[in-house]
Amino acid sequence: MPQTALEQQLLNCPIISVNVRVWHFWSFLVKHDAMRYISIIPVGAMTLLMFADLYRAWGNIEEVIINAYFAVLYFNAVLRCSILVVNHDKYEKFLMDIARIYKDLQQIEDHEIKSLLQRYTKRARMLSIANLGLGAIISTCFVVYPLFAGGRELPYGMYIPGVNLFGTPQYEILFFLQVILTFPGCCMYIPFTSFFASCTLFGLVQVKNIQHQLRKLRIEGLKPSKLIEIIKDHQRVIDYVHDLNSLVTYICLVEFLSFGMMLCALLFLLNIIEHQAQFVIVAAYIFMIISQIYAFYWHGNELREQSMAIAKVAYGAAPWLEMKPALKKMVLLIILRAQRPLEVTVGNIYPMTLEVFTSLLNASYSYFTLLRRVYVK
């Protein structure tokens, strides 16, 4: 397919267009030119200097925790975009499948399906825009806060051997560069979260479409051709979730490990800081971590639960007494397959459910209480 046609199809698919347009602007997907390096290389270099500063500040627990939060945040942003660029063929193919399936669903002459598609598309777009807005607000707080902290502070801790970062003009130059790099850093991090949410919402659309088609069987009559079509749609959404999982599962694992530890550390920091302004900013960091993780796990959990509900809908919709044996076997095939939930997993180990999310919060809080007890002693 010509590049221009690919761009047009992806940029105009409503449910993914917000995130694709951000990635397209930075040349992470669809468009492949030097624009991507204007963001990845400088932000990657800044991240390395942030980790160097962690080594320098080791022993000052308050400074280490705050700087580690930013270092982990930007590391995740660089990791996400690096994976996106390296595997751009897989992501573009997956997004093309979304655009194709979306178009197929739009052409179904069924008010319920059209309403369902519009509702979830609106939710996905609002969520993507809200995430970008929230990211912009919090990023602005990151770079503005040092101006009111008193003294010379950089938004993000950095260490360059042999360079006095707080002298003139080094301080002003570095502060300006960090302010500038905050924008691409936000664009590297936020759209991936929105991409995951939009894709799981579109998976929900496909699952609910199958449920709706099964309910219509009792009204319109059980036809072999219709059942075969439902089975094909079911297999399509199974393949869809499998492909989505292959794209995001290891990034979810990194999020699970890194932000679980950072949540524990920030809770501890919340107990030892003395200034109210620091308390507010750390609380904002904690809110950002929890909201980002919750966005992943809530949508993953909803997709899992609704996929298993297909079995219940199929059992209740089928007129078992009037059905021929061949049709019964086809319905049973749908029921049996639906009992295996469609899951997005954390590193292909744990399913992304609210139970796992709760376990992560419990584990972080348990380690926090242990850390506080050791610190007090």
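It should be emphasised that the depicted structure is a prediction, and the values quoted were computed from it without experimental measurement.

Chemist: So what's going on with the overall build of the chain? Residues and values would help.
Modeler: When helices and strands are counted, the chain shows 11 helices and 2 strands. For the chain, the N- to C-terminal ordering of α and β elements is α-α-α-α-α-α-α-α-α-α-β-β-α. Considered along the principal axes of its C-alpha atoms, the chain spans approximately 85 × 55 × 30 Å. Carbon and sulfur atoms make up 64% of the accessible area of the chain, which amounts to about 18300 Å² in all.

Chemist: Break down empty space enclosed by the protein for me, citing the residues and quoting the values.
Modeler: One pass over the full model with this rule turns up 2 cavities of 30 Å³ or more. Approximately 100 Å³ is the volume found for the largest cavity. Among the secondary structure elements, those contributing two or more residues to the lining of the largest cavity are helix H4 (61-86), helix H6 (111-144) and helix H7 (170-220). It is H7 that contributes the most residues to the lining of the largest cavity, 5 residues altogether. Of the residues contributing to the lining of the largest cavity, the split by class is 8 nonpolar, 3 polar and no charged. What the second largest cavity holds in volume is close to 40 Å³. As for the second largest cavity, its lining consists of Cys252, Glu255, Phe256, Ile293, Phe296, Tyr297 and Met352. Contributions of two or more residues to the lining of the second largest cavity are made by helix H8 (224-272) and helix H9 (276-317).

Chemist: Quick one: what's the story with unusual backbone geometry, residue by residue and with numbers?
Modeler: Omega for the peptide link from threonine 168 to proline 169 comes to 10°, which places this bond in the cis form. Mapped onto the fold, proline 169 is located in the loop between H6 and H7. For valine 30, which is not glycine, the phi torsion reads 70° and is therefore positive. Of note, valine 30 is situated in the loop between helix H2 (17-25) and helix H3 (35-56). Here valine 30 falls in the buried class, since its relative accessible area comes to 1%. The phi torsion at asparagine 348 lies on the positive side, around 55°, for a residue other than glycine. Residue asparagine 348 is classed as partly exposed on the basis of its relative accessible area of 46%.

Chemist: Could you give me a rundown of a nonpolar patch on the surface, with the residues and numbers involved?
Modeler: A cluster of nonpolar side chains, contributed by Ile173, Phe176, Leu177 and Ile180, occupies part of the molecular surface with about 390 Å² of accessible area. Assignment of secondary structure puts isoleucine 173 in helix H7.

Chemist: How would you sum up the pattern of salt bridges? Please name residues and give values.
Modeler: Considering all chains together, one arrives at 9 salt bridges under this definition. Residue aspartate 97 is joined to arginine 100 by a salt bridge in which the shortest nitrogen-to-oxygen separation is 3.6 Å. Highlighted residues: aspartate 97 and arginine 100, both in helix H5 (residues 88-106), separated by 3 residues, approximately one helical turn. Classification of arginine 100 as partly exposed rests on a relative accessible area of 40%.

Chemist: Describe the nonpolar core, with residues and values.
Modeler: Among the nonpolar cores identified, the biggest contains 126 residues, and Tyr69, Ile98 and Phe202 are the most heavily contacted of them. Of the residues forming this core, the biggest block, 21 residues, is contributed by H7. Beyond its immediate stretch of four places on either side in the chain, phenylalanine 202 contacts Ile15, Ile98, Ile101, Tyr102, Leu105, Leu117 and Tyr240.

Chemist: So, the packing of aromatic side chains: which residues are in play, and what are the values?
Modeler: Scanning all chains against the criterion turns up 21 aromatic pairs. On the basis of an interplanar angle of 35° and a centroid distance of 6.0 Å, the ring pair of tyrosine 102 and phenylalanine 202 is categorised as tilted. Linking tyrosine 102 in helix H5 with phenylalanine 202 in helix H7, this pair joins segments that are 100 residues apart in sequence. Taken individually, tyrosine 102 and phenylalanine 202 each receive the classification buried, so the pair is uniform in this respect. Three or more aromatic residues joined by ring pairs make a cluster, and in this case those are Trp23, Tyr91, Phe94, Tyr102, Phe192, Phe195, Phe202 and Tyr240. Across from the ring centre of tyrosine 189, 4.0 Å away, lies the NZ or CZ of arginine 80, which sits over that ring.

Chemist: Talk me through the side chain of histidine 24; I want residue IDs and the actual numbers.
Modeler: Along the chain, histidine 24 turns up in helix H2. On the accessibility criterion, histidine 24 (16% relative accessible area) is buried. Histidine 24 has contacts with Glu7, Leu11, Leu29, Val30 and Lys31, leaving out every residue within four places of it along the chain.

Chemist: Got a sec to walk through the layout of surface pockets? Specific residues and values, please.
Modeler: Considered as a void within the structure, the largest pocket measures approximately 600 Å³ in volume. Forming the boundary of the largest pocket are 31 residues, of which Glu63, Ile66, Asn67, Glu153 and Leu154 lie nearest the centre. Secondary structure elements with two or more residues in the lining of the largest pocket: H3, H4 and H9. Put simply, the second largest pocket is a space of about 500 Å³. Forming the boundary of the second largest pocket are 22 residues, of which Met261, Met262, Cys264, Ala265 and Leu371 lie nearest the centre.

Chemist: Give me the side chain of threonine 200: which residues, what numbers.
Modeler: The residue threonine 200 is located in helix H7 in this model. Leaving out residues up to four positions away in the same chain, threonine 200 has contacts with Leu244, His299 and Leu303.

The rules behind these values
- Residues numbered from 1 in each chain as written.
- Predicted model: local features only at pLDDT ≥ 70, side-chain atom pairs only at ≥ 80, totals over all residues.
- Heavy atoms only, no water.
- Helix = DSSP H or I, 4+ residues; strand = E, 2+ residues; numbered from the N terminus.
- Areas by Shrake-Rupley, 256 points an atom, 1.4 Å probe, with all protein chains shown as cover.
- 1 Å grid on protein atoms, 1.4 Å probe; cavity = no way out; pocket = protein on both sides within 12 Å on 5 of 7 lines; lining within 4 Å.
- Points joined across faces, edges and corners; volume = space filled by probe spheres on them.
- Nonpolar A, V, L, I, M, F, W, Y, C, P; charged D, E, K, R; others polar.
- Buried < 20%, exposed > 50% of the residue type's maximum accessible area, 1.4 Å probe, protein only.
- Patch = residues over 30% accessible without salt bridge, like charges linked within 9 Å, V, L, I, M, F, W, Y side chains within 5 Å.
- Salt bridge = Lys/Arg side-chain N within 4 Å of Asp/Glu carboxyl O.
- Core = buried A, V, L, I, M, F, W, Y, C linked by side-chain atoms within 4.5 Å.
- Contact = heavy atoms within 4.5 Å.
- Phe/Tyr/Trp six-rings, centres within 6.5 Å; stacked < 30°, edge-to-face > 60°.
- Lys NZ or Arg CZ within 6 Å of the ring centre and 35° of its normal.

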